[in-house]
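Each chain, written out:
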Amino acid sequence: MEKNFELTPGYAKAQDVKDELAPFRKRFYQVEGHIYMDGNSLGLCSRDAESAVMNMLDVWKKNGIYLWNIEEGRYYQYSRTLAKLAAPLLGASPEEICIAGNTTINIHQAISTFYKPNQKRFKILVDELNFPTDIYAVHSQVLGKGLNPAEAVKVVPSRDGLLIDEEDIIAAMTDDVALALLPAVFYRSAQLLDIKRLSAEAHKRGIIIGWDLCHSIGSVPHDFSSADADFAVWCNYKYLSGGPGCTAGLYINRKHFGLMPGLWGWFGNEPKTQFRMSHVFEKAGNAEAWQTGTPCLLSMAPLEGTLRIFSEAGIGRIREKSLRLTSYLMFLIEKRLKKYGFRCGNPEDDERRGGHVALSHDDGYRICLALKSHKVIPDFREPDVIRLAPIALYNSYDEVYTVVDILEKIMIGKEYETYSRERDLVV
Ligand SMILES: *Cc1c(COP(=O)(O)O)cnc(C)c1O
């Protein structure tokens, strides 16, 4: 990728003029007067998401219970409608996708489906840097099988506290491992793992492998049809802007459609017989079998709106701009901020980096507070990482430039020294 970045403010403005995705910005509500760099935690609300929610309310208002029957069962099988829109982001077929639950529950659903420990193979492989909820879910699933997490959860350590070496993951795939759960992109460092390679290595060793796509979906293109992983889970409220607590996603490789889900519910029943109300569970023939209860239509509607934007923009163009924005940010950090003790903790290589920059500083927490006082919205992850996510669909090169200007000003004036190191409840 061409990256002849320049240090002038005019350069940033010229990039925005040339940017094919720039018109999408108008579709999103901005936090007024602020520069939003936190779309990797909670994506901004779009006009499209808003109108999809309003439509859903209208459908409910006008139809009451009939809403399940209208438009050929579109809302009754709303997961299917959304799966069609989400499929290109996963490179999977819509039948392999269900939109249900939350990430944590979907991890429980997948592990309870695939984890069948025996004397020889009983371990679940995770890594030291994954998100806590993934680890909690794994521990409770292991406990549910009467096993001790200290023995049955195998943790791949990080050599430097920031990144995980893929060789270490492969070396940990020993023949006592039954299942591996790994993030596609690490939430702190933005490191992107090679899903295809690691899935193939797991399968060579008879290990089931699942991926957490929370930090990659909507930012990094996926190709699950060729990666051939067993399952994946993701939330829809980060890069995808599906709204706070938006219903999540689950991918089940079609080769596993014959398996019984770990958690059964009536919405996992074959739709044709669901309303016979039989006590015999007749599972659906595709990923919809992994749904449990009534779909949360109001938490799914915004996703329909936002996925239409993704279809129009195309994940290829989104990834290209995202990589240029993060590269540009890293370039400015290197040239202008390194002297103040900043480091980029994310991989520099495009092939190995997700959608955010992990800016580390010993005083990261207080600098983050100073940034907020300048109306820049980043977030902070322990111990010292300021995450900055310039989002392809709604951030500009000019905003990246301005954030670096503000950071420089904060450092020159030592503004962060006026803040306490005491942590807030939600950071
Ligand atoms: C954001 C995130 C989650 C969130 O889980 P929820 O159940 O949706 O709250 C889980 N795992 C990872 C890796 C995440 O980044």
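Residues numbered from 1 in each chain as written. Predicted model: local features only at pLDDT ≥ 70, side-chain atom pairs only at ≥ 80, totals over all residues. Heavy atoms only, no water.

Asks: What exactly am I supposed to notice about the site of the ligand here?
Replies: Taken together, 13 residues lie near the ligand, and T103, T104, D134, Y237 and K238 sit nearest. Here a nitrogen atom of the ligand sits 3.0 Å away from a polar atom, N or O, in the side chain of D212. The fraction of the free accessible surface of the ligand (390 Å²) that becomes covered by protein chains is 87%. Tallied by class, the residues present in the shell around the ligand amount to 4 nonpolar, 6 polar and 3 charged. (Near = heavy atom within 4 Å. Polar contact = N/O pair within 3.5 Å; in protein donor to acceptor, adjacent residues only side chain to side chain. Areas by Shrake-Rupley, 256 points an atom, 1.4 Å probe, with all protein chains shown as cover. Nonpolar A, V, L, I, M, F, W, Y, C, P; charged D, E, K, R; others polar.)

Asks: Hey, could you run me through the sheet that holds strand β3 (residues 123-127) in this one?
Replies: Strand pairing in a sheet is mediated by backbone hydrogen bonds. Such pairs are either parallel or antiparallel. Taken in spatial order, the 7 strands line up as β2-β8-β7-β6-β5-β3-β4 in an open sheet, and their pairing is mixed. Two strands lie at the open edges of the sheet, namely β2 (97-99) and β4 (153-156), each paired on one side alone. The mean angle between the axes of side-by-side strands here comes to 20 degrees, regardless of whether they run parallel or antiparallel. Relative to strand β7 (residues 231-234), strand β6 (residues 208-212) runs parallel, the two sharing 3 bridges. If you follow D212 over to β7, its bridge partner there is V233. (Pairing = 2+ DSSP bridges. Helix = DSSP H or I, 4+ residues; strand = E, 2+ residues; numbered from the N terminus. Axes fitted to C-alpha atoms, helices over the stretch in contact; angles between N-to-C directions.)

Asks: I tried to follow unusual backbone geometry on my own but got confused; where do I start?
Replies: Trans peptide bonds make up most of the peptide bonds, and negative phi angles are found at most residues other than glycine. A cis geometry characterises the amide bond from E382 onward to P383, with omega recorded as 0 degrees. For P383, the location among the structural elements is in the loop between β12 (379-381) and β13 (385-388). The backbone of E72 shows a phi angle near 50 degrees, a positive value even though the residue is not glycine. Assignment of secondary structure puts E72 in helix α3 (residues 70-73).

Asks: Any chance you could explain the environment of F342 here in plain terms?
Replies: Considering the arrangement of structural elements, one finds F342 in the loop between α13 (315-337) and β9 (343-344). Each C-alpha atom, one on F342 and one on M411, is 10 Å from the other, the two residues being 69 residues apart in sequence. Excluding residues that lie within four positions of it along the chain, F342 makes contacts with I333, L337, L359, S360, H361, I367, I386, L407 and M411. (Contact = heavy atoms within 4.5 Å.)

Asks: Would you take a moment to explain the sheet that holds β12 for this structure?
Replies: Across the sheet, 4 strands lie side by side as β9-β10-β13-β12; this open sheet has antiparallel pairing. Two strands lie at the open edges of the sheet, namely β9 and β12, each paired on one side alone. As paired elements, β9 and strand β10 (residues 357-360) share 2 bridges and run antiparallel to each other. When the sheet's bridge partners are listed, R343 is paired in β10 with S360. Of the strands in this sheet, β9, β10 and β13 are in contact with α13, which crosses β10 at around 20 degrees.

Asks: Sorry if this is basic, but what is going on with the domain arrangement of the protein chain here?
Replies: You'll often see interface size given as the accessible area lost when the parts meet. Examined at the domain level, the protein chain breaks down into domain 1 (9-30 + 314-418) and domain 2 (51-312). Computed from C-alpha coordinates alone, the two centres of domain 1 and domain 2 are separated by 30 Å. In this assembly, 28 residues from domain 1 lie in contact with 26 residues from domain 2. Of the roughly 2,200 Å² buried at the junction of domain 1 and domain 2 (both faces included), carbon and sulfur atoms supply 59%. Counting across the interface, domain 1 meets domain 2 through 2 salt bridges. (Domains from an automatic or database assignment. Buried area = accessible area lost by both parts, 1.4 Å probe. Salt bridge = Lys/Arg side-chain N within 4 Å of Asp/Glu carboxyl O.)

Asks: I keep staring at helix α12 (residues 297-313) and nothing clicks. Help me out?
Replies: Given 3.6 residues per helical turn, the α-helix brings residues three or four places apart onto the same face. The first and last C-alpha atoms of α12 sit 25 Å apart over 17 residues, in line with the 24 Å expected at 1.5 Å per residue. In terms of burial, α12 is largely enclosed, as 12 of its 17 residues are buried. Buried residues of α12: L297, M300, A301, P302, L303, E304, G305, T306, L307, I309, F310 and A313, and no others. Looking at the buried residues of α12, the elements they touch are α2 (47-63), α4 (78-90), β2 and α13. Of the residues flanking the end of α12, it is G314, one or two places downstream, whose phi is positive at about 85 degrees. (Expected span 1.5 Å × (residues − 1). Buried < 20%, exposed > 50% of the residue type's maximum accessible area, 1.4 Å probe, protein only.)

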